[in-house]
Amino acid sequence: TFTPFPCPGAKSEAEQSTIQIRSARTRIAPSKQGNRLVMRIRVKVRGDLVESSCRGDYASPSLIESLERPIEQEILKAIEAGWQASLRLGLDLPGFADRVHRKYPNDWRRWKNDWDERLRRIQLDVKAYASIRNIGLSQQPIRSDGRHP
């Protein structure tokens, strides 16, 4: 999967990079907070930077870390968009009912009859972690100001 993301501090849409996601791992765990269900979602992705027009020294760990933050934001946006689509359709697309049933079987017996309503009230606690493992093609300027020497 290729995921485009903006360069840190980008001033235009042309300042973008693309990561090829090589591995992704998602953990979902339900928890109860009073009468409310919270789905704790953790996503870890690793990938290769395949193209970039961001300025900076690609050998610098601080630049790589600054590129990972926008990737994490793109993941969070995708999860939120998917959740909103699920709610709009009135469907349990992420399969939360199964996870709740397994973790809280006694509560599930009471909740299954009004699951549609409970599903709409679920709160998401989402965190994403991205790491760039390799750097491929980049359009790094010759000088930091973008001019040729």
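Relevant structure appears above.
Here the structure is a predicted model, which is why all the values come from computation and not from measurement. (Residues numbered from 1 in each chain as written. Predicted model: local features only at pLDDT ≥ 70, side-chain atom pairs only at ≥ 80, totals over all residues. Heavy atoms only, no water.)

Q: Describe in detail helix α2 (residues 96-103), supporting the description with residues and values.
A: What α2 keeps buried is the set Phe96, Ala97 and Val100. Mapping the buried residues of α2 onto a view down its axis gives an arc of 100 degrees, with all of them on the same face. In this structure, the buried side of α2 is in contact with β2 (16-33), β3 (36-52), α1 (61-89), α3 (105-111), α4 (115-121) and β4 (123-135). (Buried < 20%, exposed > 50% of the residue type's maximum accessible area, 1.4 Å probe, protein only. Helix = DSSP H or I, 4+ residues; strand = E, 2+ residues; numbered from the N terminus. Arc of directions from axis to C-beta. Contact = heavy atoms within 4.5 Å.)

Q: Describe empty space enclosed by the protein, listing the residues and the values that go with them.
A: In total, this model carries one cavity of 30 Å³ or more according to the counting rule given. Reported here for the largest cavity is a volume of approximately 40 Å³. Every residue lining the largest cavity is listed: Ser86, Leu87, Gly90, Leu91, Asp116, Leu119 and Arg120. Elements that contribute at least two residues to the lining of the largest cavity include exactly α1 and α4. It is α4 that provides the largest number of residues to the lining of the largest cavity, a total of three residues. For the lining of the largest cavity, the class distribution of residues is three nonpolar, two polar and two charged. (1 Å grid on protein atoms, 1.4 Å probe; cavity = no way out; pocket = protein on both sides within 12 Å on 5 of 7 lines; lining within 4 Å. Points joined across faces, edges and corners; volume = space filled by probe spheres on them. Nonpolar A, V, L, I, M, F, W, Y, C, P; charged D, E, K, R; others polar.)

Q: So what about the pairing of β2? Which residues, and what values?
A: Here five bridges tie strand β1 (residues 2-6) to β2, and the two strands are oriented antiparallel to one another. Counted as the bridge partner of threonine 3 is isoleucine 19 from β2. Between β2 and β3, which pair antiparallel in sequence order, lie two residues; one of them, glycine 34, sits at a positive phi of approximately 65 degrees. (Pairing = 2+ DSSP bridges.)

Q: Explain the layout of surface pockets to me, using residue names and the numbers behind them.
A: Computed from the structure, the largest pocket encloses a volume of approximately 250 Å³. Thr26, Ile41, Val43, Ile75 and Ile79 are, among the 16 residues lining the largest pocket, the residues nearest its centre. Elements supplying a minimum of two residues to the lining of the largest pocket: β2, β3 and α1. The element that contributes the greatest number of residues to the lining of the largest pocket is α1, accounting for five residues. When its residues are assigned to classes, the lining of the largest pocket shows 13 nonpolar, three polar and no charged. In terms of lining residues, the second largest pocket is bounded by Ser23, Ala24, Arg25, Lys44, Val45, Arg46, Ser131 and Arg133. Taken together, the elements giving at least two residues each to the lining of the second largest pocket come down to β2, β3 and β4. Residues of the lining of the second largest pocket, tallied by class, amount to two nonpolar, two polar and four charged.

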